[in-house]
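# Observations on the three-dimensional arrangement
Each chain, letter by letter, is given below.
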Amino acid sequence: MRDWRYWLAEQRGTLIALAIFALMFTIYISNHPAGLTTNVAQTAANKGTLLALVAMAQTLVVITAGIDLSVGAILVLTNCIASMVVTGNAFETTLGVVFVLFVGALCGALNGLIVIYGRLQPIVATIGTGAIFFGIALILRPLPGGTVNETLADAMTGKVFGIVPASLLMLLAIVLVVWLPFCSSVIGRAAYAAGSSETAAYMSGMPIRRGKFAAYTLGGLLASIGGLFLTFFTYSGQASSATASTYTLLSIAAVVLGGVSLFGGRGSAIGAIFGAFAFRAIGDLMFVFDFDALWQPLFQGVILLLAVSIGALGLWRVRNRLEWFG
Amino acid sequence: MIGAEALFRMEGISKRYGGVRALEKAELVVEPGRIHAILGENGAGKSTLIKIMAGVVTPDEGRMVLKGDDVVFAGPAAAQKAGIACIFQELSLIPDLSVADNIVIADPPQRFGMIDRKAQRRLAEAALDRAGAADIHPAALVKDLPLSRRQVVEIAKALARQPQILILDEATSALTAADVAKVFQVLKRLRQDGMALLYISHRMNEIAELADTCTVFRNGRNVASYANGSKSDNEVVEMMIGREYRNVFPPKPQATASDLAPVLACRDLSWAGRLKDISLSVSAGEVVGLGGLDGQGQRELLLAFFGVLSGLSGDILIDGKPVTLNSPAAAKRRDIGMALIPEDRKTEGLMLPMSVRDNLSFASLDLLSKASVIDSAAEQRRNEDMLDLLAIKTAGLDIPVGALSGGNQQKVVIAKWLMRRPRIILLNDPTRGIDVGTKQEIYALLRRLAADGAAVLFYSTDYDELIGCCDRVLVLYDGAVKRELKGDEISEHALISSALNITGNGHHPLREGAEA
């Protein structure tokens, strides 16, 4: 086989997610009364970016064969904190942003430490920490409110040169600054290896613990960027349990749609970004076709199941039935 | 042997797992520029020795000296740093990463803190070339390669670390003949380059071709070292056996029942290159053993009968009639009446946190229930019968089965299946890791079940068991039945030499199928 075919095989999940997104978005745009205007693109980009950030956070953890059920709670907690500290003059605002990101990374690091050293299953550990993070958010902001530096908020959710949605540029920057260095570093490879076969990774003398810790910490950081973005969107903070649980579940859906294996070791955050945008586009289809919004969860669920079933087709070829369970 | 020329020495190394002694004051001297073969039966301590050298297992006592300095390895990474690379039986490759990623995994080339993919590609190509496998594409995913090729990648990965000592633990077991020839050339070249190689293999012909020095292990000790070629195969086999033979087996019936119509049989059974044209039959009242080295297809054969494998070719016959069994649920149906006592009781036999009662009843719920409701009185009665029959020592039916001793856990696994009164009983190494007393009870039970009319097919890695328990033994090698031993023919010598696929006169046949 030639090199490009290996590349194709490796990127298969990402490319399928891209294709689903392109298809859904094309249907959406061609049925949209306004067509593809910069405003339509801006709205779609902003909604997609928020989910994409949380999905990227989830991807990092899922790659290590874990799962982060606290990702929505980190989003909400950092949203509440951002609505208190990201205000004032440029210096104060910058300090506030840094603090929000620090809190997110800290939350992720805590998850990582519990999973690695406490030897708890990720699902249990993150249900616990998720409740704690949400509890703190509730104490900080019992009622919705707060403010945010509106200049910054408008810049981040607006358009650059009147055309390109700023949110997409931010997403690109994150891919370049966080994701690409991670997945091409030894630490990132250790995270993949730990997810694919932890025993083999250990036997090969890889830094499994550092890899997992980095994945969880960066996951928390990305979720807090999502929290910041949510604040820019709403100009306020709200400790909403609906937001926390919705984003947690949607992040898992986007990750799966993006070709990331829930068994670990396979997939990329770029796939998850397309997964998130595709999922948003599917939801938006409902509006252009004038369906009642009540149908949206049902419709999204069916699409998700169909997409995931394609990935399970390989099980039909298994010759030792014990492999079904392994 | 001891002195300045030794590259690596192990002195007085001991290791225990629970009550089981894996190594007892073992010694080993490794010299550069030589291939050192390690021989021994299953469980002789070879694997533990290797794991200690590779930093995977910490010894209880003893010292290791590398180039004159005492060394202690905290983990595999430390051993690798010291220049010891090990190719394990269980592969250590990451299935979802590419061949190149895997080869450089311990120490990838980096630029500005990131992995340099071009340099990685070059290193991987060079390593594959050294391993005689330039045809493997560095960008291929490991999980897409066949087992034989994966093992070559494993060798390339070890070579990429430029080790001083290379350990190959059954590294050729999955290789095709063509790959073996290439790998041998590679190993001989490495020896010329001054590398020290440790070669663990059950294949006598490979050892005869490669090794300079041989060391035989038995019961956790190194019992002899000699220059390759200075001992005959017979002498080597004697050194590997060398155990006292305990008479713990029940007497065998004089007239064997093999003239009766077979209950269980197969014709030309093949599966995925791991089973090759196997034909056999087992009659009521017969205990038939499966022998051979570990991993020659015995487990797959039992799984094939029990409906776990799909894509089988050939026929499985019950009472002379061909049947298709698609799952264990089908195999245990009353008209088939099959039971499989699995190899690993902790994962395939028991649900450890659940009670003895639940575990005993799992396989027989259809017999214990009326209209899908479990008849708890009947369950209690049958469970108690089983506790009596197998003399299971437990504080009660309601304690978790994980709290019982290993021997009693194994009895629960057996009892769980006996509750169905199976006509065909398949056993996969049922006495591994349990005490002698329980073993003795299991032997007596097998003989009693056969006398009551069951057909028993019994795989064991313990040659004594096959000799003591079985009316006939089929020895498997590389997925095919190599030899059938009957009655007095079943001796330790015959079992070992046919398991190693060597003939009695010390002549080495070629790899497979070369004997008449």
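Rules used in this analysis
- Residues numbered from 1 in each chain as written.
- Chains lettered and ligands numbered in written order.
- Predicted model: local features only at pLDDT ≥ 70, side-chain atom pairs only at ≥ 80, totals over all residues.
- Helix = DSSP H or I, 4+ residues; strand = E, 2+ residues; numbered from the N terminus.
- Buried ≥ 20, exposed ≤ 12 C-beta atoms within 10 Å, placed from the backbone.
- Contact = placed C-beta atoms within 7 Å.
- Rg over C-alpha atoms; globule rule 2.2 N^0.38 Å.
- Nonpolar A, V, L, I, M, F, W, Y, C, P; charged D, E, K, R; others polar.
- Axes fitted to C-alpha atoms, helices over the stretch in contact; angles between N-to-C directions.
- Parallel < 35°, antiparallel > 145°, perpendicular 65-115°, else oblique.
- Left-handed = near helix turned anticlockwise from the far one by under 90°.
- Pairing = 2+ DSSP bridges.
- Expected span 1.5 Å × (residues − 1).
- Bend = angle between axes of the 7 residues up to and from the residue.
- pLDDT = per-residue confidence, 0-100.

## Section: the overall build of chain A
Secondary structure assignment for chain A yields 14 helices and two strands. The dimensions of chain A, computed from C-alpha atoms along their principal axes, are 60 × 50 × 35 Å. Considering chain A as a whole, with its 326 residues, one finds that 49% of them fall into the buried category. The contacts in chain A between residues at least 6 apart in sequence include a share of 76% that link residues at least 24 apart.

## Describing the overall build of chain B
Helix and strand content of chain B: 18 helices and 24 strands. The C-alpha atoms of chain B give 25 Å as radius of gyration, which agrees with the globular expectation for 516 residues (24 Å, within 12%). Looking at chain B as a whole, 47% of its 516 residues are labelled buried. In chain B, the share of contacts with a sequence separation of at least 24, taken over all contacts with a separation of at least 6, comes to 69%.

## Notes on unusual backbone geometry
A positive phi angle, near 65°, is found at A65(A), a position not held by glycine. Secondary-structure assignment places A65(A) in the loop between α3 (38-63) and α4 (71-85). One non-glycine residue with positive phi stands out, namely D478(B), at about 55°. Tracing the chain through its elements places D478(B) in the loop between β23 (472-477) and β24 (480-486).

## Digging into the environment of T59(A)
Residues and elements named next belong to chain A. Here T59 lies in helix α3. Separated by 53 residues in the primary sequence, T59 and G112 place their C-alpha atoms 14 Å from one another. The contact partners of T59, leaving out residues within four places of it in the chain, are V255, V260, G267, A269 and A272.

## Here we look at the interface of chain B and chain A
Facing 27 residues of chain B, the contacting portion of chain A comprises 25 residues. With three residues, helix α2 (residues 76-81) of chain B is the largest single contributor of residues to the side of chain B that touches chain A. Here the residues of the side of chain B that touches chain A sort into 18 nonpolar, seven polar and two charged.

## Let's talk about the packing of α3(A) against helix α11 (residues 208-234) of chain A
Residues and elements named next belong to chain A. Closest axis-to-axis distance for the α3/α11 pair is 8 Å, and the angle between their directions is 165°. As the angle between them shows, α3 and α11 are arranged roughly antiparallel. In the packing of α3 onto α11, the handedness of the crossing is left-handed. For the pair formed by α3 and α11, the contact residues are N46, T49, L50, L53, V54, M56, A57, L60, V61 and I63 on the first element and A215, Y216, L218, G219, L222, A223, I225, G226, F229, L230 and F233 on the second. Classifying every residue of the contact of α3 with α11 gives 17 nonpolar, four polar and no charged.

## Some details on the packing of helix α5 (residues 90-117) of chain A against α11(A)
All names here are of chain A. Closest axis-to-axis distance for the α5/α11 pair is 7 Å, and the angle between their directions is 145°. The crossing of α5 and α11 is right-handed. Residues that form the contact of α5 with α11 fall into these classes: 17 nonpolar, nine polar and two charged.

## Comments concerning the sheet that holds strand β6 (residues 84-87) of chain B
Residues and elements named next belong to chain B. The six strands lie next to each other as β6-β9-β10-β3-β11-β12, forming an open sheet whose pairing is mixed. Only two strands of the sheet have a single partner each, and these edge strands are β6 and β12 (221-227). Along the sheet, successive strands turn relative to each other by an average axial angle of 20°, direction set aside. Seen against the sheet, helix α1 (residues 46-53) touches β3 (35-40), β6, β9 (165-169), β10 (196-200) and β11 (213-218) and runs at an angle of roughly 150° to β9.

## Digging into helix α8 (residues 166-183) of chain A
An α-helical turn contains 3.6 residues, so any two residues separated by three or four positions project in the same direction. Residue and element names in this part refer to chain A. Between its terminal C-alpha atoms α8 stretches 25 Å, which fits the 26 Å expected from 18 residues at 1.5 Å a residue. If you look at α8, its biggest bend is around 35°, right at V175. Three or more residues of α8 are buried, namely S167, L168, L171, I174, W179 and F182. For α8, the elements touching its buried residues are α3, α7 (150-157), β2 (164-165), α9 (186-196), α11 and α13 (269-288).

## Digging into the pairing of β23(B)
All names here are of chain B. For β23, the tally of buried residues reaches five of six residues, placing the bulk of the element in the interior. Here six bridges tie β23 to β24, and the two strands are oriented antiparallel to one another. Residue L474 lies in a different strand from β24, and its bridge partner there is E484. Turn length for the β23-β24 hairpin, with the two strands adjacent in sequence and antiparallel, is two residues, and the turn residue D478 shows positive phi of about 55°.

## Observations regarding the confidence of the model for chain B
Residues and elements named next belong to chain B. Within chain B, residue pLDDT values average 85, and 91% of them lie at 70 or more. Across residues 504-516 the pLDDT falls below 50, and counting only partners more than four positions away or on other chains, this stretch makes 15 contacts in the model. For this predicted complex, the interface confidence reaches an ipTM of 0.73, while the overall pTM sits at 0.74.

## Points about the sheet that holds β24(B)
All names here are of chain B. One open sheet holds the six strands; their spatial order is β18-β21-β22-β15-β23-β24, and the pairing between them is mixed. Only two strands of the sheet have a single neighbouring strand rather than two, namely β18 (338-341) and β24. The mean inter-strand angle of the sheet, taken between neighbouring strand axes irrespective of direction, is 20°.

## What about the environment of M206(A)?
Structurally, M206(A) can be placed in the loop between α10 (198-203) and α11. For the pair M206(A) and V186(A), spaced 20 residues apart in sequence, the C-alpha separation works out to 8.7 Å. Non-local contacts of M206(A), meaning those with residues more than four positions away in its chain, are made with A190(A), A193(A), A201(A) and I105(B).

## Description of the pairing of β9(B)
All names here are of chain B. Counting buried residues in β9 gives five out of five residues, a clear majority hidden from the surface. Neither face of β9 is open: one carries I165, I167 and D169, the other L166 and L168, and all of them are buried. Here β6 pairs with β9 via four bridges, running parallel. Among the inter-strand pairings, I84 is bridged to a residue of β9, identified as I165. As paired elements, β9 and β10 share five bridges and run parallel to each other. When the sheet's bridge partners are listed, I165 is paired in β10 with A196.

## Re the confidence of the model for chain A
When pLDDT is low, close inspection of the predicted coordinates is not appropriate. Per-residue pLDDT for chain A has a mean of 89; in total, 97% of the residues score no lower than 70. Per-element confidence in chain A is highest for α4(A), whose mean pLDDT is 96, and lowest for helix α14 (residues 296-311) of chain A, whose mean pLDDT is 77.

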